[in-house]
Amino acid sequence: DAVAPGVYAGDPSGTYRLVVINQLPETLDTLRARTMGRGATLLRAIREVEALPDDSKLGRMLVPQIATLRIALERDPSPEAREIVMNAEKILNKRMEQQLKKGLKEGLEAGLEKGLEAGLRTAIEQVCEARGLKLTAAQRATLAAESRQATLQRWLNRAATATSARDVFPKE
């Protein structure tokens, strides 16, 4: 007896279920199971995975399974396997490109942050030097350890008007 499309209960009294993957409805709820199918069912499922939004949790979850499938079928010369490999490769390349872009963006942002911090530290040192404010080793260590841009900016502003290095780095 069919419990749901593609799912059948067995006797005695439904103690087991049989899932016929190619009879499952083509919905997101069945997509993971359908990627374990074969033939036209698998091809359609892979195309659905490819069409998922970039931020899809389901898509991210299925990428390793598709990568494994691609590797398993790599040496199969059949046209069906070639098409599956080609579609799987598209998905993997798309996901790798997304991850690369994300990594580059995060790296660039982190690099800009670090560069701005270093520039502010250098500016504080140069302003203090130009104004004849001698920084102690402890003050230099405090400056080197600070990473908050707002604090560094505040110290730079103080360095422009301070009468001593102690006025640049008051206890905050």
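Our subject is the structure that appears above.
If you're wondering where the values come from, they're calculated on a predicted model, not measured in any experiment. Sequence order sets the numbering: in each chain, residues are counted from 1 along the sequence as written. In keeping with the predicted nature of the model, local features appear solely for residues at pLDDT of at least 70, side-chain atom pairs appear and are counted solely at 80 or more, and the whole-chain, interface and lining totals rest on all residues. For side-chain calculations, the full set of non-hydrogen atoms in the structure is used, while hydrogens and water are omitted.

Things to note about the packing of helix α2 (residues 39-51) against helix α4 (residues 79-130)
- Packing of α2 against α4 leaves a shortest axis separation of 10 Å and a crossing angle of 15°. Viewed along their axes, α2 and α4 adopt a mutual orientation that is roughly parallel. The hand of the α2/α4 crossing is left-handed. Taken together, the residues of α4 that come into contact with α2 (itself represented by Gly39, Leu42, Leu43, Ile46, Arg47, Val49 and Glu50) are Glu80, Glu83, Ile84, Asn87, Ala88, Lys90, Ile91, Lys94 and Arg95. Working convention: axes come from line fits to C-alpha atoms, limited for helices to the stretch in contact. Angles between N-to-C directions cover 0 to 180 degrees. Helical segments are the DSSP runs of H or I of at least four residues, strand segments are the runs of E of at least two, and each set is numbered from the N terminus. The labels follow the angle: roughly parallel below 35 degrees, roughly antiparallel above 145, roughly perpendicular from 65 to 115, and oblique for the rest. Crossing handedness follows the turn of the near helix against the far one: under a right angle anticlockwise gives a left-handed crossing, and clockwise gives a right-handed one. What makes two residues a contact is simply this: any of their non-hydrogen atoms within 4.5 Å.

What to know about the environment of glutamate 80
- Mapped onto the elements of the fold, glutamate 80 is located in helix α4.
- Separated by 48 residues in sequence, glutamate 80 and arginine 32 place their C-alpha atoms 20 Å apart.

Side note on the nonpolar core
- Leu31, Val49 and Ile84 are the most contacted members of the largest nonpolar core, which has 19 residues in total.
- Residues within four places of leucine 31 in sequence aside, it is in contact with Ala45, Glu48, Val49, Leu52, Leu58 and Leu62.
- If you look at the next biggest cluster of nonpolar residues, it comprises 14 residues, including Leu152, Leu156, Ala159 and Ala162. To form a nonpolar core, buried Ala, Val, Leu, Ile, Met, Phe, Trp, Tyr and Cys residues must be joined to one another through side-chain atoms within 4.5 Å. Whether a residue is buried, partly exposed or exposed follows from its accessible area with a 1.4 Å probe, protein chains only, as a fraction of its type maximum: under 20%, in between, or over 50%, in that order.

Side note on the packing of aromatic side chains
- We call Phe, Tyr and Trp rings a pair once their centres come within 6.5 Å, taking the six-membered ring for Trp, and we label the pair stacked below 30 degrees between planes, edge-to-face above 60, and tilted otherwise. In the structure shown here, the tally under the stated rule is 1 aromatic pair.
- Ring geometry for tryptophan 155 and phenylalanine 169: centres 4.8 Å apart, planes at 75°, overall edge-to-face. Of this pair, tryptophan 155 sits in helix α6 (residues 149-161) while phenylalanine 169 sits in the segment after α7 (165-168), and the two are 14 residues apart along the sequence.

What about α6?
- A helix is expected to reach a length of 1.5 Å times the quantity of its residues less one. The end-to-end C-alpha distance of α6 is 19 Å, a good match for the 18 Å that 13 residues give at a rise of 1.5 Å each.
- Turning to α6, its buried residues are Thr151, Leu152, Trp155, Leu156 and Ala159. Taken around the axis of α6, the buried residues stretch over an arc of 140°, which confines them to a single face. Those residues of α6 that are exposed and aimed more than 90 degrees away from the buried face are Ala150 and Thr161.
- For α6, the secondary structure elements touched by its buried residues are α4, α5 (137-145) and α7. Each C-beta atom gives one direction from the helix axis, and the arc is the one those directions make.

A closer look at the environment of glutamine 65
- Mapping glutamine 65 onto the fold places it in helix α3 (residues 57-73).
- Through-space distance from the C-alpha of glutamine 65 to that of alanine 138 is 55 Å; in sequence the pair is 73 residues apart.
- Contact partners of glutamine 65, with chain neighbours within four places excluded, come to Arg32, Thr35 and Met36.
- Within the structure, glutamine 65 has its side chain in polar contact with the side chain of threonine 35 (distance 2.7 Å). The definition of a polar contact used here is a pair of N or O atoms within 3.5 Å, where within protein one atom must be able to donate a hydrogen and the other to accept one, and adjacent residues in sequence count solely through side-chain atom pairs.

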